[in-house]
Amino acid sequence: MTDRKVTDEMLMAFVDGEIDASTGAEVAEAIRRDAELARKAEMFGRTRQLSAGAYADVLSEPVPNRLLETVLGEQPAPQNTPRSPAPLQAARYQRRSAPAWSLPLAACIALALGLGGGYVLRDDGSPASPPGSTALIEEAPELLAALATQPSGEARPISTDGGAQRLVSIVGTYRTETGLCRSFLITTGGGSNGGVRGLACNRGSGYRIELAVRAPAGSTGTFTPASDSAASAIDSYLDALHASPALDRQQEEDALQNAGGK
Amino acid sequence: MVALLPRLRAFALALSRSRTDADDLVQAACERALSSLSTYREGTNFDAWMMRILRNLWIDGYRRRKGEVLIDITDPVHDPVGQDGRVATEARMALNSVRQAIETLPEEQRAVLVLVCVDGLSYRDAAHVLDAPIGTVMSRLARARASLANALEGNAGLPLRPAGREAAR
């Protein structure tokens, strides 16, 4: 028998994995000997599970557009000290566990921005919209070709926009459970007006744009501030697809060839 | 911040118990966070920082406007959450009933329950969000879960012992 009384808080912390190893061993032994403690431990585990399930609909349903716009729309440039730059290839993307809600969220972002597949971004001419920020209107063979063949880390022109050159950079390439996906960045006029971050995936019939998010000005160079929510949106989408870490140059080359290139 | 929105909504809903108020609260919290990003300390838990902003907004304005009153339940008396065992069932509990039961908990218990069990914050981060000692957080959380079990399943046989302050750390 243990020397000290096992309190409810100790028992709960044990169930939640919030207890140090030696106390945990003590609690485990107490549970083994005492049916009442075992019953309470089961209650703590069950209530955690039920609580999580009770909000599952809120966690998985689409977030209202106005909230997305609040976060994605007018985000100011980060004011704190410059962060250490991440190489373009790494794209700040690291594998994390994929939360259950991330797929609906990512789908919601794509939907909220009105994006489809197989198109390229073009300014819509609306005076309220900053250049390089808006709609998908026309197909762009240059973008599709870039997705099929262009190595990550290189920027190449794909078209012009009122005299200003539009560049596409492939940021990273990832294996996902649905096929090969590539994140990209489109900038116009050197990127000073921001740009568009996107993700295109080849699910067996060529690349289609699955997500595109306006990126704030100042975040679209070769460095990605950690607060760039456009990059975060891409990350979330990749998480939802259970993406691998970014492929290195050789892996990417092999993958592009195996995918048939175009 | 985008990825955090669903969890912020769940927390806001647990506090306000109103979908409209919850989304207003989340929007206000995001605006506040974006305008004060410079106060975020690198290396600290960003999720907890956001939740704290949201919770403070709730305390400072929204709750007052709704006329709610904070009842800080730290004594060992149980809140009578049960509904005469009406919702008790041996079959799978409808999740709606669970949420209804959670919404009958005192606000401070609701908040900690959702932060830890829904949002997955550690006790320490939840204590930061709620600006309360970790022992208090654990005491509220244990009580909230016992009350929830009691409400859902008529689990009257689980009286909690008096809280052991700062017990598990």
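All of these numbers come straight from a predicted model, not from anything done at the bench.

Conventions we followed
Residues numbered from 1 in each chain as written. Chains lettered and ligands numbered in written order. Predicted model: local features only at pLDDT ≥ 70, side-chain atom pairs only at ≥ 80, totals over all residues. Heavy atoms only, no water. Salt bridge = Lys/Arg side-chain N within 4 Å of Asp/Glu carboxyl O. Helix = DSSP H or I, 4+ residues; strand = E, 2+ residues; numbered from the N terminus. Buried < 20%, exposed > 50% of the residue type's maximum accessible area, 1.4 Å probe, protein only. Phe/Tyr/Trp six-rings, centres within 6.5 Å; stacked < 30°, edge-to-face > 60°. Lys NZ or Arg CZ within 6 Å of the ring centre and 35° of its normal. Contact = heavy atoms within 4.5 Å. Buried area = accessible area lost by both parts, 1.4 Å probe. Polar contact = N/O pair within 3.5 Å; in protein donor to acceptor, adjacent residues only side chain to side chain. pLDDT = per-residue confidence, 0-100.

**Q** Describe the pattern of salt bridges, and please don't skip the residues or the numbers.
**A** Tallying each qualifying case throughout the model produces 18 salt bridges over all chains. As a salt-bridge pair, B:R99 and A:D57 come within 2.7 Å of each other at their nearest N and O atoms. Of this pair, B:R99 sits in helix 4 (residues 95–103) while A:D57 sits in helix 4 (residues 56–60), each in a different chain. Classification of A:D57 by relative accessible area gives partly exposed; the value is 35%. Note that B:D23 is salt-bridged to B:R9, the shortest N-O span being 2.8 Å. Taken as a pair, B:D23 in helix 2 (residues 19–35) and B:R9 in helix 1 (residues 5–16) lie far apart in primary sequence, 14 residues in all. Sharing partners across several salt bridges, the network here consists of A:D57, A:E61, B:R9, B:R19, B:D23 and B:R99.

**Q** If you had to explain the packing of aromatic side chains to someone new, which residues and values would you point to?
**A** For the structure on display, the rule yields three aromatic pairs over all chains. Ring pairs connect the aromatic residues B:Y40, B:F46 and B:W49, which therefore count as one cluster. The residue whose ring lies beneath B:R99 is A:Y55, and the NZ or CZ to ring-centre distance is 5.3 Å.

**Q** How would you sum up the interface of chain B and chain A? Please name residues and give values.
**A** At the junction of the two partners, chain B supplies 56 residues and chain A supplies 52 residues. Both faces combined, the contact of chain B with chain A buries some 4900 Å², and carbon together with sulfur accounts for 61% of it. For the interface between chain B and chain A, the tally reads six salt bridges. Taking the shortest distance from any N to any O, the salt bridge between A:E61 and B:R19 comes out at 2.6 Å. At the surface where chain B touches chain A, the tally comes to 14 residue pairs in polar contact (both at pLDDT 80 or more). Within the residue set of the side of chain B that touches chain A, elements represented by two or more residues are helix 1, helix 2, helix 4, helix 5 (107–118) and helix 7 (134–153) of chain B. The greatest single-element share of the side of chain B that touches chain A, amounting to 10 residues, is contributed by helix 7 of chain B.

**Q** Could you give me a rundown of the confidence of the model for chain A, with the residues and numbers involved?
**A** Here chain A averages 68 in pLDDT, and 61% of its residues register 70 or above. pLDDT under 50 marks residues 219–227 of chain A. Its contacts with residues more than four places away, or in other chains, come to 30 contacts.

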